[in-house]
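Coordinate analysis (summary)
These are the residues of each chain, in order.
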Amino acid sequence: MNKKNLSTLALTAILSVLPFSPPAAADSLQLRIGTEGAYPPFNYFTANGKLAGFDIDIASALCTRLKASCTFVAQDWDGIIPGLMAGKYDVIVASMFITDQRKQQVLFTDPYQKSAMTFVVPKDSTLTDFSPKAMAGKTIGAQGSTTQGDYLSNLYPDSDVRLYPTQDAASLDLVSGRLDAQVGDIIPMLEWTRNTEDGNCCKLAGEPITDREYAGDGVGMAVRKDEEALRRKLNLALADIIADGTYKAINDKYFSINILTLK
């Protein structure tokens, strides 16, 4: 879940060699990391066209721990799992919810974030009941090809559900008054409403959405199903950066709460 229209740069997949990676020996681990580049503060493009954000910093720390030579590949969200399956990259680090449906396609690492979703409404909204019945006839937005979009499409048949190519696009329509509400991941929505000029228009509303079918079992990195060895390496490296404080330092750079616990 940086409102400078930088997300449009993610429509063209690019490769960016990480400056922290030392020259690799021939037998060193080489990793191509897929991310979206349109989901601030988790992954986005800076003004000079570089990938940045929480996901990027976590992936970089894992590469350092693994002594791996790593490159990033930006990929539109709706093609991010197909891109992994086609071999465009080796692992997805893009704040992806671990769901049963996705588990049919990929292997997930241990969670590196806790997952929940939330409704977001204008500050002057009088909406308090977000049940499907109460939201009948209301216009609700979410990013397409996401669990938030699936949640609205499946459970709110009597609402005008609008799906957008990026989270930024959905948020812009909420700011512009074209939506009564939107549904997004709770952490980026919290940061957007608290810490951005555009997001100051709006507030989180209702109870956090934790339905496991849609919010999943946390947020994980995804690898192909025949890459169990890579998953184990990533899990060990993740445990290391959590234990030694590296994870917390990265977390605190972006968020006011611990997104591994939501506390």
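Since the structure is predicted, the reported quantities are computational estimates derived from the model, not experimental observations. (Residues numbered from 1 in each chain as written. Predicted model: local features only at pLDDT ≥ 70, side-chain atom pairs only at ≥ 80, totals over all residues. Heavy atoms only, no water.)

1. Description of the state of the cysteines
Taken as a whole and judged by the stated rule, the model has two disulfides. Paired through a disulfide, cysteine 63 and cysteine 70 show a sulfur-sulfur distance of 2.0 Å. Across the S-S bond linking cysteine 63 and cysteine 70, the dihedral sits near -105 degrees, which makes this disulfide left-handed. Here cysteine 63 matches cysteine 70 in class, with each residue buried. Bridging cysteine 201 to cysteine 202, the disulfide has an S-S length of 2.3 Å. Between cysteine 201 and cysteine 202, the disulfide has an S-S torsion of -80 degrees and is therefore left-handed. The exposure class of cysteine 201 is partly exposed, given its relative accessible area of 26%. (Disulfide = S-S within 2.5 Å. Buried < 20%, exposed > 50% of the residue type's maximum accessible area, 1.4 Å probe, protein only.)

2. Details of the sheet that holds strand S11 (residues 160–164)
Reading across the sheet, the five strands line up as S11-S10-S12-S9-S13 and stay open at both edges, with mixed pairing between neighbours. At either end of the open sheet lies a strand with only one pairing partner, and these are S11 and strand S13 (202–209). Taken pair by pair, the neighbouring strands of this sheet meet at an average axis angle of 30 degrees, ignoring direction. Packing against the sheet, helix H5 (residues 167–175) makes contact with strand S9 (117–122), strand S10 (139–143), S11, strand S12 (181–185) and S13, and its axis sits at approximately 150 degrees to S12. (Pairing = 2+ DSSP bridges. Helix = DSSP H or I, 4+ residues; strand = E, 2+ residues; numbered from the N terminus. Axes fitted to C-alpha atoms, helices over the stretch in contact; angles between N-to-C directions. Contact = heavy atoms within 4.5 Å.)

3. Some remarks on the nonpolar core
Counting residues in each nonpolar core, the largest one holds 56 residues, and the members touching the most others are Phe54, Tyr112 and Phe119. For this core, the element with the most residues is helix H1 (residues 54–66), which contributes seven residues. Among the nonpolar cores identified, the runner-up in size contains 13 residues, and Val73, Ile80, Tyr89 and Ala222 belong to it. (Core = buried A, V, L, I, M, F, W, Y, C linked by side-chain atoms within 4.5 Å.)

4. A word on the packing of H1 against helix H9 (residues 246–254)
Packing of H1 against H9 leaves a shortest axis separation of 10 Å and a crossing angle of 160 degrees. The orientation of H1 with respect to H9, classified from their angle, is roughly antiparallel. Handedness of the crossing formed by H1 with H9: right-handed. Between H1 and H9, the residues in contact are Phe54, Asp57, Ile58, Ala61 and Arg65 and Thr246, Tyr247, Ile250, Asn251, Lys253 and Tyr254, respectively. (Parallel < 35°, antiparallel > 145°, perpendicular 65-115°, else oblique. Left-handed = near helix turned anticlockwise from the far one by under 90°.)

5. Quick word on unusual backbone geometry
With the exception of glycine, the majority of residues adopt a negative phi angle, and the majority of peptide bonds are in the trans configuration. Residue proline 41 is reached from proline 40 by a cis peptide bond, and omega for that bond is 0 degrees. One non-glycine residue, serine 95, lies in the positive phi region at around 55 degrees. Note on serine 95: relative accessible area 6%, which makes it buried. The backbone of serine 145 sits at a positive phi, close to 60 degrees, despite the residue not being glycine. Turning to its location among the elements, serine 145 is positioned in the loop between S10 and helix H4 (147–155).

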